Amino acid sequence: KVRNILREGYYDSVKITASIDKLLIKSLDQNFVPVTDDRDVFVGIVTRKVIFKNIYEEQLKIKYGSE
């Protein structure tokens, strides 16, 4: 089973309400960041690729004024 190969605490997670800054800091040391809800239940992952793509798209909006 997958849970047998994952090490407890190896991938630091963030709460779904965490700031983008906190997510960015975690992603510097990890290829992906697990996300948990307020009950510490896993809800998904965010990859570095998604983070950087989002930042790039936001910068384009600022530069060109599109929404």
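Definitions and limits used
Residues numbered from 1 in each chain as written. Predicted model: local features only at pLDDT ≥ 70, side-chain atom pairs only at ≥ 80, totals over all residues. Heavy atoms only, no water. Helix = DSSP H or I, 4+ residues; strand = E, 2+ residues; numbered from the N terminus. Axes fitted to C-alpha atoms, helices over the stretch in contact; angles between N-to-C directions. Parallel < 35°, antiparallel > 145°, perpendicular 65-115°, else oblique. Left-handed = near helix turned anticlockwise from the far one by under 90°. Contact = heavy atoms within 4.5 Å. Nonpolar A, V, L, I, M, F, W, Y, C, P; charged D, E, K, R; others polar. Pairing = 2+ DSSP bridges.

A. Representation of unusual backbone geometry. One non-glycine residue, Asp-40, lies in the positive phi region at around 65°. Among the structural elements, Asp-40 can be located in the loop between β2 (32–36) and β3 (42–47).

B. Representation of the packing of helix α1 (residues 20–27) against helix α2 (residues 48–64) in the model. For the pair α1 and α2, the least separation of the axes is 10 Å and the interaxial angle reads 135°. Taken together, the axis directions place α1 and α2 in an arrangement best described as oblique. The chirality of how α1 crosses α2 is left-handed. Only Arg-48, Ile-51 and Ile-55 of α2 make contact with α1, whose side of the interface consists of Leu-23, Leu-24 and Ser-27. Here the contact of α1 with α2 is composed, by residue class, of 4 nonpolar, 1 polar and 1 charged.

C. Main features of the pairing of β3. When β2 meets β3, the two strands line up antiparallel, connected through 5 bridges. Each bridged residue has a counterpart across the sheet, and for Val-35 the counterpart in β3 is Gly-44. Hairpin connection between β2 and β3: a loop of 5 residues separates the two successive antiparallel strands, and Asp-40 in this loop has a positive phi of roughly 65°.

The quantities given are spatial measurements derived from coordinates; they are silent on function.
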